[in-house]
Amino acid sequence: MRTTNTQPVIAAVDGSEDSLRALDWALDAARRRAAPLRVVHVRQYAPWGRPEAPAAGPPEPDDDRVLDEVRTRLRGLATAQPVEYVTLQGAPAAVLPALGAEAQVLVLGSRGRGGFASLLLGSNGMAAARDAACPVVVVPRPGRGAGTTPAAPAAGDQGEPPAGPGSRVVVGVDVDHPDDVTLAFAFTEADLRGALLQVIAAYRWPAQPLMAPGELVPPVIDQDAVENETRALAEGLLTPHRARHPDVRAETRVLPADAAGSLVAASGGAGLVVVGRHRRRLFAPARMMGSVTHAVLLHAACPIAVVPPSSQEDAPPPEE
């Protein structure tokens, strides 16, 4: 089931090859959603600018060569999507996350023109993924994580042949802390793409049970029971989303491994991997991505979508 959303897909560009790959991804996403595309170039203030200067401002009167190049590129593609071009001034790490307030999806490359070659993810991408109010898609450079392969089926899977490259959307589910917003985004993406949705439910093994004081022998834990319980909980979380997206084929894989490693492995040959951002907590009021999301952003072989929690969940805790 698809709903109409008139908000644009926003692509952040700076003239680098990384941002042009992000532009191509954003254009495809706008087409699938029948949404307008907004191309934004943020001109960074000179390093001698005053720190109290505003985060964003009107563009300089001269032409924007970066956007001129993008216009030429998109003109050659003869896109039917309405495209808007916007130049802003300010610190990209502050301006880019703010764009999420008016976007369906914010898309950017893993590194910009000014990034260090050794970085796996630039500071602007990290800031946007952590702070934007909309899902943020980071498009990595080709060949990153080329050695990864899709996760092997766990016991009980049907053993069907893996889907072809790009025809899978991968999402992780934590049965102990379910994230309905992230699952909803993953199902929608799979529906838009006509893709297989691969749901990874990882559990720690061997388990480390808590022992009572003086207890010498840990209780025996049946791995099959843990796996079956994890699968049952995961399937229960998927039920309402399957009802809303009856055309999506969702395959659950229950793996005795760490969640980050399983998602990175499954990203090989996938079209998109979807992860959630941590909710704010009482003793950690600042926005945080979480270790799994951070690892996937750094190492996944395909584009990564970071989905924020709902606005109610992400609200800062009340002051005493």
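The model shown is predicted, which means the values in this text are computed figures rather than measured ones.

Draft legend 1. The arrangement of the overall build of the protein chain in detail. From N to C terminus, the protein chain includes 8 helices and 11 strands. Split into buried and exposed, the 320 residues of the protein chain put 45% on the buried side. In the protein chain, once contacts between residues fewer than 6 apart in sequence are set aside, the share between residues at least 24 apart is 81%. On the protein chain, roughly 16,400 Å² of surface is accessible, and the fraction owed to carbon and sulfur atoms is 56%.

Draft legend 2. Seen up close, the pairing of strand 5 (residues 105-109). Where burial is concerned, most of strand 5 is hidden: 5 out of the 5 residues are buried. Side chains of strand 5 alternate between two faces, with Val-105, Val-107 and Gly-109 and Leu-106 and Leu-108 buried alike. Where strand 1 (residues 9-12) meets strand 5, 3 bridges bridge the pair, whose relative direction is parallel. Of the residues in strand 5, the one forming a bridge with Ala-11 is Val-107.

Draft legend 3. Fine view of the packing of helix 7 (residues 259-266) against helix 8 (residues 291-299). Taken N-terminus to C-terminus, the directions of helix 7 and helix 8 make an angle of 30°; their axes are 9 Å apart at the nearest point. On the basis of their axis angle, the class for helix 7 and helix 8 is roughly parallel. Both helix 7 and helix 8 take part in a crossing whose hand is right-handed. Along its contact with helix 7, which presents Ala-259, Ala-260, Leu-263 and Val-264, the element helix 8 presents Val-292, Ala-295, Val-296 and His-299.

Draft legend 4. Up close: the packing of aromatic side chains. Applying the stated rule across the entire model yields 0 aromatic pairs. For Arg-71, the ring lying beneath its charged end belongs to Tyr-85, and the centroid distance is 4.5 Å.

Draft legend 5. View of the nonpolar core. Residues Leu-23, Leu-37, Val-107, Leu-197 and Val-274 are the most contacted members of the largest nonpolar core, which totals 45 residues. Once residues within four sequence positions are removed from consideration, Val-274 is found in contact with Val-169, Val-170, Val-171, Gly-172, Thr-182, Phe-185, Ala-186, Ala-305 and Val-307. Val-42, Val-95, Leu-99 and Cys-134 belong to the second largest nonpolar core, which has 33 residues in total.

Draft legend 6. Fine view of helix 6 (residues 223-244). With 22 residues, helix 6 should reach 32 Å at 1.5 Å per residue; the first-to-last C-alpha distance of 33 Å fits that figure. Remark: the principal bend of helix 6, roughly 35°, maps to Leu-238, with a proline, Pro-240, within the next four residues. Of the residues making up helix 6, those classed as buried are Glu-227, Thr-230, Arg-231, Ala-234, Leu-238 and His-241. Among the structural elements, helix 5 (180-193), strand 8 (196-202) and strand 9 (250-255) are those in contact with the buried residues of helix 6.

Draft legend 7. Local environment of the environment of Leu-196. Along the chain, Leu-196 falls in strand 8. You can call Leu-196 buried: its relative accessible area is 8%. Along the primary structure Leu-196 and Asp-247 are separated by 51 residues, whereas in three dimensions their C-alpha atoms are 9.9 Å apart.

Draft legend 8. Structural view of the confidence of the model for the protein chain. Confidence in the prediction of the protein chain, expressed as mean pLDDT, is 80, and 72% of residues score 70 or more. Within the model, pLDDT remains below 50 along residues 115-120, and this stretch shows 8 contacts once partners closer than five positions in the same chain are excluded. Here residues 146-164 scores under 50 on pLDDT; set against residues more than four positions off or in separate chains, the count is 32 contacts.

Draft legend 9. Local environment of the environment of Ser-262. Take Ser-262: it is sitting in helix 7. On the basis of relative accessibility, which here comes to 5%, the residue Ser-262 falls in the buried class. When the C-alpha atoms of Ser-262 and Ala-201 are compared, they prove to be 8.9 Å apart, with 61 residues separating the residues in sequence. A polar atom in the side chain of Ser-262 sits 2.9 Å from the backbone oxygen of Asp-258.

Conventions used here
- Residues numbered from 1 in each chain as written.
- Predicted model: local features only at pLDDT ≥ 70, side-chain atom pairs only at ≥ 80, totals over all residues.
- Heavy atoms only, no water.
- Helix = DSSP H or I, 4+ residues; strand = E, 2+ residues; numbered from the N terminus.
- Buried < 20%, exposed > 50% of the residue type's maximum accessible area, 1.4 Å probe, protein only.
- Contact = heavy atoms within 4.5 Å.
- Areas by Shrake-Rupley, 256 points an atom, 1.4 Å probe, with all protein chains shown as cover.
- Pairing = 2+ DSSP bridges.
- Axes fitted to C-alpha atoms, helices over the stretch in contact; angles between N-to-C directions.
- Parallel < 35°, antiparallel > 145°, perpendicular 65-115°, else oblique.
- Left-handed = near helix turned anticlockwise from the far one by under 90°.
- Phe/Tyr/Trp six-rings, centres within 6.5 Å; stacked < 30°, edge-to-face > 60°.
- Lys NZ or Arg CZ within 6 Å of the ring centre and 35° of its normal.
- Core = buried A, V, L, I, M, F, W, Y, C linked by side-chain atoms within 4.5 Å.
- Expected span 1.5 Å × (residues − 1).
- Bend = angle between axes of the 7 residues up to and from the residue.
- pLDDT = per-residue confidence, 0-100.
- Polar contact = N/O pair within 3.5 Å; in protein donor to acceptor, adjacent residues only side chain to side chain.

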